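Understanding the architecture of this molecule
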Amino acid sequence: MKQGEKGFTHLELIIALSIMALVGVATALATFQVFKGTELSNTHMTVVNQVQNAGYWISRDAQRAQSVTTDNLTPPDFLLISWTDWADPDDPIYHTATYFFEDLTDGIGKLKRSHWSSAGANEETLVAEHMYYDPDDPEKTCKTSYQSTVLTVQITAVRGDDSEIREYKIKHRSNL
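Residues numbered from 1 in each chain as written. Predicted model: local features only at pLDDT ≥ 70, side-chain atom pairs only at ≥ 80, totals over all residues. Heavy atoms only, no water.

Examining the nonpolar core
Formed by 27 residues in total, the largest nonpolar core has its most connected members in Ile58, Phe78, Tyr99, Leu111 and Met131. In terms of residue count, helix 1 (residues 10-64) provides more of this core than any other element does, 6 residues in total. (Core = buried A, V, L, I, M, F, W, Y, C linked by side-chain atoms within 4.5 Å. Buried < 20%, exposed > 50% of the residue type's maximum accessible area, 1.4 Å probe, protein only. Helix = DSSP H or I, 4+ residues; strand = E, 2+ residues; numbered from the N terminus.)

What to know about the pairing of strand 5 (residues 122-132)
In terms of strand pairing, strand 4 (residues 108-117) meets strand 5 through 8 bridges, oriented antiparallel. Across the sheet, residue Trp116 finds its bridge partner in strand 5, namely Asn122. The antiparallel pairing of strand 4 with strand 5 creates a hairpin that spans 4 residues between the two strands, and Gly120 there sits at a positive phi of about 110°. (Pairing = 2+ DSSP bridges.)

Comments concerning unusual backbone geometry
Following Pro75, the chain continues into Pro76 via a peptide bond in cis, with omega recorded as 15°. Checked against the element boundaries, Pro76 lands in the loop between strand 1 (67-69) and strand 2 (77-85). One non-glycine residue with positive phi stands out, namely Asn72, at about 60°. Summarising the element assignment, Asn72 is placed in the loop between strand 1 and strand 2. Notably, His130 is not glycine yet its phi reads approximately 65°, a positive angle. With respect to the helices and strands, His130 occurs in strand 5.

Describing a nonpolar patch on the surface
On the surface, Leu11, Ile15, Ile19 and Val23 cluster together into a nonpolar patch covering about 390 Å² of accessible area. Mapped onto the elements, Ile19 comes out in helix 1. (Patch = residues over 30% accessible without salt bridge, like charges linked within 9 Å, V, L, I, M, F, W, Y side chains within 5 Å. Areas by Shrake-Rupley, 256 points an atom, 1.4 Å probe, with all protein chains shown as cover. Salt bridge = Lys/Arg side-chain N within 4 Å of Asp/Glu carboxyl O.)

Side note on the pairing of strand 4
Pairing of strand 3 (residues 93-105) with strand 4, which is carried by 9 bridges, proceeds in the antiparallel orientation. Pairing of Thr105 across the sheet is with Ile108, part of strand 4. In this antiparallel pair of consecutive strands, strand 3 and strand 4, the connection spans 2 residues, and Asp106 shows a positive phi of 55°.

Concerning the pattern of salt bridges
Per the stated rule, a full pass over the model turns up 8 salt bridges. The network of salt bridges with shared partners includes Arg60, Asp61, Arg64 and Arg113.

Notes on the packing of aromatic side chains
Applying the stated criterion across every chain, the model contains 4 aromatic pairs. Aromatic pair Tyr56 and Trp57: ring centres 6.1 Å apart, planes at 80°, arrangement edge-to-face. By relative accessible area, which is 18% here, Trp57 ends up buried. Between Phe101 and Tyr133, the aromatic rings sit 4.5 Å apart at their centres with planes inclined by 15°, giving stacked as the arrangement. Remark: Tyr133 occurs in the loop between strand 5 and strand 6 (143-147) and Phe101 occurs in strand 3; sequence separation between them is 32 residues. As far as the burial class goes, Phe101 and Tyr133 line up, both buried. The rings of Phe78, Phe101 and Tyr133 are connected pair by pair, giving a single aromatic cluster. (Phe/Tyr/Trp six-rings, centres within 6.5 Å; stacked < 30°, edge-to-face > 60°.)

Some details on the environment of Trp86
Summarising the element assignment, Trp86 is placed in the loop between strand 2 and strand 3. Once the C-alpha coordinates of Trp86 and Leu29 are considered, the two residues, 57 residues apart in sequence, prove to be 63 Å apart. Excluding its chain neighbours within four sequence positions, the residues that come into contact with Trp86 are Gln66 and Pro92. (Contact = heavy atoms within 4.5 Å.)

Remarks on the confidence of the model for the protein
Looking at the protein as a whole, its pLDDT mean stands at 89, while 95% of the residues score no less than 70. Per-element averaging of pLDDT across the protein places helix 1 at the bottom with 87 and strand 4 at the top with 96. (pLDDT = per-residue confidence, 0-100.)

Rendered as structure tokens:
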């Protein structure tokens, strides 16, 4: 600039605009990465929570079980657990919990629990969503087996490209 003139030269303006553009692009990329990372984290937490919730419900019933059926169930039934509540020895209450899949699309659906009792309970509960059930995929699918008083349950949840597989080994709680 010449002395006495006010303002910026064209070169100074171009350099300032270039720096501002670079800062803007860097900010946009960083913001995108934060949102993408948050989305991936949320998806993973969703499948982990669904697997844990299914494990909790099944473990809760299986620990009380007097009878567990895993074989020869008609799909969509997945697991059948029965027990007796002896709180009143003169009037025992018989319970049955049936776990089954609903709304399966491409092997992914909801795991539900139907609970019946001789005391009049007849309720259905959503246990978990995004459950993967495909008998043709024995390595990854949800599955059960019952041997020597130990119920083994593999629970698989899938959402988008994220999945979580956990195996639970549940032993009947002995009466004290």
